[in-house]
Amino acid sequence: MVAPAVPEIVENEISESIYARTESLQALRELGPPDLVHLTKGQPKAGIKEIGTYHHVSGVDASSSASLAAYINTLTYLIGENQMWFGKPQSWKITTGIYCCYNAFSRVDMRVEVQIPGGVKFYAVDERGQRRPQEDIPEELWLETYLCGVLRAFSYADEHTNRIIGCRRFNPITSTEAEHKFLDAAERLFFKGWQLGSDPDIQVPNVVSNHLTNGLLHYIHTTGRYASGVNLFEKLRSKEPEVASLLAKVYLDGDEEVKAVQLLYETIKILPMDAACLDVQAQFCMSKGRNDLALECAKRAVNSAPSEFTTWARLAEVYVAMEQWELALLTINSCPMFTNQDTDRPKMPQPSRMHLPILSEALIDELSDDSDPKHEMVDPNLLKLPAATLKGTFLKAYKLLTEITAKIGWDALLKYRSSVFVMEEEYRNEKTAAEQLEKEKTASTTALRGTSPVPPSPGNGSLNGDENDTERRSNLPDENEKEEDESKVVEVNELGTNDAPAIERPEQTVDAEEVKGTTDDPQAPAESAARKYTHFQNKRLCERWLDNLFMLLYEDLRVYTIWRADLAQFKQKSKLYRRSASELEILGELAQRLHHEEEAVEAFTNCLSIRFSARALKGILAYQEKQKDNRATLNSIIRLTAWNYRWYSEFSPSLLYIIRKLIEEEGAVKVRSIVQSTSLPQPVLDLTHHYVGLLSAFRSSGSDG
């Protein structure tokens, strides 16, 4: 299999990338950045002074210093003599190579330094920048480093946002022997996995929710190696019963539903409040259409882990499936939100220049378009859509809102919102009426009437009536300040036509702090709003982050409505509707967020008619896969595989998974024949054949025929 080309980022000063990596070690919190490879090379015969270059890489075997030194040795052949350097053939001689691989367990950077000619030495650098010599490095440190490298390769391979320039990506597991090595390392370090951190929707990493378990499930799901996963988790379950939730997920993914149900039944008898097992049960019941059973499981999971986002989100999903919209909104409002932790991206100084060669085997005419997306005109209103930048728990909560909107519509969503949350306008009206009533009251009239304050209601805070729940706040920026004089209906004329239907702007909900601060009597701070404003006894205070999400959804719907109205008007007048490729990418992703799949495909297709776009093709690929259009799916995979190689990546778990499902359905022979029948160059087709060969090596279902 041909290896991707080697990108090189030229430094202003030799080794400045190494210094920058050392300084960033103390700020790393998750799996760490991709591996860094630094080279010092020169041209002694030409009298050119030495320069420093570097690139990032993932998927290289980091189980020993010898394997990392071997990678540097391969570079001496790939980019040594007779290298094309910025379009000119030049002969470089590499004198020093340093390979840096981060160990997220022990929080040290393992480094191998190769002198050419000369020897190999390795050492570890801790968060304070201090070196630990190789005599003080135990073998277990290399085991941890190897496992972290594999997990990073799977986690970062399909990362589309904020991609790292000049990063080679390899498949860390290409044979059953490599798989055994990976699973053995995972078994030995399994109970230390919580040290790696977890996804942003998990507040506290634990034995079954961390980056190690996510990586294992991701690998098993991608490759279909269910038997290997079952064997691993069976051995671990004998030591820790909570691992049963992971084993049940593998059973369900491998279509062993009876075994999964029996396992969950036996485990919950032993651990009746295991939130992970209850969550798996709820998800399974939903997949079978038994939302009534899923509801009970989801409620128990929330009671078991009330501070975790995942349990509340599952309960909200059940309410959405049961079309209980008010309860769904109240549940979303009660979700504990966590600040998103960005991936540990490398922070490097500004380079002198970048050498980004193109692999000849990955060349396709449509991929060699010289048009730069940065030079395209893009409507500012499209660039400012904040929902496109949501991450973590806020993104998942937003998806729940868009799912509700897709089913009942925006107007109905606003109706349910105002029925369960205290709106600012009605609060002010009620407050004014209550204050007027207080002025009219006197001690004598109160005594004559014999009235008494309304007893406090537990319903003013959250879904559980806990006042502290209303105090949860996030770091999501409040971009929509309250404007009393603003009209509820905004005329949509910013992007184009005035003929687009108006989208009602959501009313502002009342701030919890404003309700708590309404009393003027410092001696009565405990008097709740329910005592004064009886109209709100059955309503809740909307969390500010959820109020912001409603405004983001409004912006998305407003821009989408204008776009479709403009398009319809141009078609009616038989005019050509023109948008730049970048604008069509944004509009396609906007339609995807709002669950308008056909409109998204239309935008992506128009984008591809202007220039090639990996973002657009990935959006179309998801639709083709859902429509079971296998031939079109493979055509898209061929082009995306070539695009990945163009940018130095030989491995994509998402593409490998799609090909595996196609082989299970059609057989490897038919898949190969469809790929071969295309009119693209043979070297490009061979890149896709590599995925089929890899699945044959793993003996995946359908790979033998």
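Residues numbered from 1 in each chain as written. Predicted model: local features only at pLDDT ≥ 70, side-chain atom pairs only at ≥ 80, totals over all residues. Heavy atoms only, no water.

Looking at the environment of Ser-209
Locating Ser-209 in the fold gives a position in the loop between α4 (176-189) and α5 (211-223). Between the alpha carbons of Ser-209 and Val-243 there is a distance of 10.0 Å; along the sequence they are 34 residues apart. (Helix = DSSP H or I, 4+ residues; strand = E, 2+ residues; numbered from the N terminus.)

Some points on the pattern of salt bridges
Tallying each qualifying case throughout the model produces 33 salt bridges. For Arg-579, the salt bridge identified is with Glu-583, shortest N-O distance 3.5 Å. Each member of the pair, Arg-579 as well as Glu-583, is classed as buried. In this structure, the salt-bridge partner of Glu-589 is Arg-615, at a minimum N-O distance of 2.7 Å. (Salt bridge = Lys/Arg side-chain N within 4 Å of Asp/Glu carboxyl O. Buried < 20%, exposed > 50% of the residue type's maximum accessible area, 1.4 Å probe, protein only.)

Remarks on the confidence of the model for the protein chain
With 83% of its residues at a pLDDT of 70 or more, the protein chain shows a mean pLDDT of 85. The low-confidence segment residues 442-498, where pLDDT is below 50, has 105 contacts with residues more than four positions distant or belonging to other chains. (pLDDT = per-residue confidence, 0-100. Contact = heavy atoms within 4.5 Å.)

With respect to the packing of aromatic side chains
Enumeration according to the criterion identifies 14 aromatic pairs in this entry. Ring geometry for Tyr-71 versus Phe-170: centroids 6.5 Å apart, planes at 80°, classification edge-to-face. Taken together, the residues span a long stretch of sequence, with Tyr-71 in helix α2 (residues 65-78) and Phe-170 in the loop between β10 (167-169) and α4 at a distance of 99 residues. Joined through ring pairs, the aromatic side chains of Phe-154, Phe-182, Tyr-219 and Phe-651 make up one cluster. One residue, Arg-564, lies across the ring of Trp-563, its end atom 4.7 Å from the ring centre. (Phe/Tyr/Trp six-rings, centres within 6.5 Å; stacked < 30°, edge-to-face > 60°. Lys NZ or Arg CZ within 6 Å of the ring centre and 35° of its normal.)

Overview of the packing of helix α10 (residues 291-304) against helix α11 (residues 309-321)
Closest axis-to-axis distance for the α10/α11 pair is 9 Å, and the angle between their directions is 160°. The pairing of α10 with α11 is recorded here as roughly antiparallel in orientation. Along this stretch, α10 crosses α11, giving a crossing that reads as left-handed. Residues Asn-291, Ala-294, Leu-295, Ala-298, Lys-299, Ala-301 and Val-302 of α10 touch α11, and the partners they reach there are Thr-311, Trp-312, Arg-314, Leu-315, Val-318, Tyr-319 and Ala-321. Its residues placed into classes, the contact of α10 with α11 shows ten nonpolar, two polar and two charged. (Axes fitted to C-alpha atoms, helices over the stretch in contact; angles between N-to-C directions. Parallel < 35°, antiparallel > 145°, perpendicular 65-115°, else oblique. Left-handed = near helix turned anticlockwise from the far one by under 90°. Nonpolar A, V, L, I, M, F, W, Y, C, P; charged D, E, K, R; others polar.)

Some remarks on helix α3 (residues 139-156)
For α3, with 18 residues, the first-to-last C-alpha span of 26 Å sits near the 26 Å given by 1.5 Å per residue. For α3, the tally of buried residues reaches 15 of 18 residues, placing the bulk of the element in the interior. (Expected span 1.5 Å × (residues − 1).)

A look at unusual backbone geometry
That bond from Ile-116 to Pro-117 is cis: its omega, -10°, falls within 30 degrees of zero. Among the secondary structure elements, Pro-117 is positioned in the loop between β7 (108-115) and β8 (120-125).

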